[in-house]
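# Breakdown of the fold
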Amino acid sequence: MINQNQENIINSSIETPSSNRYTFSWFDWFCLWYPPGWLILFNRHWQHYHCDPDGWNWLEYILFLIPGGFYLAIFIRWLRLGCRTPRQEVSEFDPNYQQLFSQEILAPIVEHYFHGELYQLENLPNTKPILVAMNHAGMCFPWDFLSLCYLLGKERGWILKTLAGVSLFDHAWMIWWLPPRWSTVLGGVRAELNEFSTALQDQTILLYAPEGLRGPRKGWQKRYKLEKFDVSFIQLSQRLQIPILPVICIGNENLHPWSTNLQKLQRLFKLPFLPLSPLMLAFILFPSMGVWAAKSHLRYFIQPLETTHLQQNDKNSSDNKRAVSYQQAQALREKMQNQINKLIKK
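This structure is a prediction, so every number in the text was calculated from the model and none was measured.

Conventions we followed
- Residues numbered from 1 in each chain as written.
- Predicted model: local features only at pLDDT ≥ 70, side-chain atom pairs only at ≥ 80, totals over all residues.
- Heavy atoms only, no water.
- Helix = DSSP H or I, 4+ residues; strand = E, 2+ residues; numbered from the N terminus.
- Expected span 1.5 Å × (residues − 1).
- Buried < 20%, exposed > 50% of the residue type's maximum accessible area, 1.4 Å probe, protein only.
- Pairing = 2+ DSSP bridges.
- Polar contact = N/O pair within 3.5 Å; in protein donor to acceptor, adjacent residues only side chain to side chain.
- Contact = heavy atoms within 4.5 Å.
- UniProt positions renumbered as here; feature names shortened; annotations may be inferred.

## Topic: helix H3 (residues 38-49)
- An ideal rise of 1.5 Å per residue puts 16 Å on 12 residues; H3 measures up with 18 Å between its terminal C-alpha atoms.
- Taking burial as the measure, the 12 residues of H3 include nine buried ones, the bulk of the element.

## Overview of the pairing of strand S2 (residues 130-134)
- With five of five residues buried, S2 is to be regarded as a mostly interior element.
- Note that S2 and strand S5 (residues 205-208) share four bridges and pair parallel. Paired with Ala133 across the bridge in S5 is Tyr208.
- Here four bridges tie S2 to strand S6 (residues 244-250), and the two strands are oriented parallel to one another. Note that in S6 the partner of Val132 across the bridge is Leu245.

## Examining the side chain of Glu60
- With respect to the element layout, Glu60 can be found in helix H4 (residues 58-64).
- Using a relative accessible area of 0% as the deciding quantity, one classes Glu60 as buried.
- Of note is the side chain of Glu60, whose polar atom sits 2.9 Å from the side chain of Arg80.
- Once you skip the residues sitting within four places of it in the chain, Glu60 turns out to touch Gly55, Ala73, Ile76, Arg77 and Arg80.

## Observations regarding the UniProt feature "transmembrane region" (unreviewed entry) in the protein
- Under the UniProt annotation, the feature "transmembrane region" (unreviewed entry) is placed at residues 21-41, 61-79 and 273-294.
- Along residues 61-79, the helical share is 79% and the strand share 0%, with 16 Å between the first and last C-alpha atoms.
- Measuring from the first to the last C-alpha atom of residues 273-294 gives 17 Å, for a span that is 27% helix and 9% strand.

## Topic: unusual backbone geometry
- Of note in the backbone geometry, Arg181 takes a positive phi value of approximately 55° without being a glycine.
- With respect to the helices, strands and loops of the structure, Arg181 is situated in the loop between helix H9 (172-177) and helix H10 (182-185).
- Even without being glycine, Gln241 reaches a positive phi, approximately 55°.
- Its place among the elements puts Gln241 in the loop between helix H13 (232-240) and S6.

## Quick notes on the pairing of S6
- Burial runs high along S6: seven of the seven residues are buried.
- The two faces of S6 match: Ile244, Pro246, Ile248 and Ile250 on one face and Leu245, Val247 and Cys249 on the other face are all buried.
- In the sheet, S6 pairs with strand S9 (residues 299-302) via four bridges, with the strands oriented antiparallel. The partner of Val247 across the bridge, within S9, is Ile302.

Next up, the structure:
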């Protein structure tokens, strides 16, 4: 029933009159090629399809483009809202809007800026649910995830959800940067065990980073080294009998080059990571660049589906089962690491 409802929503979005669709204007193309303008693209697209009285206005958008102007824009918006934060309305995942955002915003960014490409398409399965496990890097906005979602959606028409850190939903910067519940509406799933488990039970294609935040946090020096994999995705795959589709991304390490994580400040500001790099001066002058990333060529190599290790031995104790899951997770990490080593030598 859930899948049927989603398909009905998607079909209705396809029938939406073209006159009502969001189209790129000269200003949008300018924002695409001027890094502080990416935040404007996200918000303008949302406001085209949603009533957002608490959202940014044109005066504030113009201030985004001026060095230091974002701070003034936040202050003006805060005064305009009566000295309060934007309202956080409860919203649910909307596959209709995900498709529109993918076609109208992600398409020009992924195709003309990141030049995203899928390789080894013969390994793409036809069944679902699937747990897509990808190496995560870049110490920036998760463009490696969003680009893969767009490419898989374009190739197979898939509707995907993405497991994301809680800070992507709740942090103060996200509340001011982006529209209310933006991440949830686009398919973000909070990185909490209950949310994770529920998403997989709904016949979902779920994109997951086995390294967790250790991936993007590892910095430039360890950019080609996979960190320890969590065991939760192996345990859920065993329990729900859901196969794992490993995907290796080459190029996401260049999304924020030469960066290292400032751990003490990161913990102080309760951020998933706080990078130090030559680009940080630009971020300080233009905070709206927080959703931007450096130009890179994102290449995704789809690996064969992992199903043989999803067997569960009921005779094992819970401790033994966890130990076995841990070994399987690290075996998959080693297999993906070997593939990365081969790919970067080409």
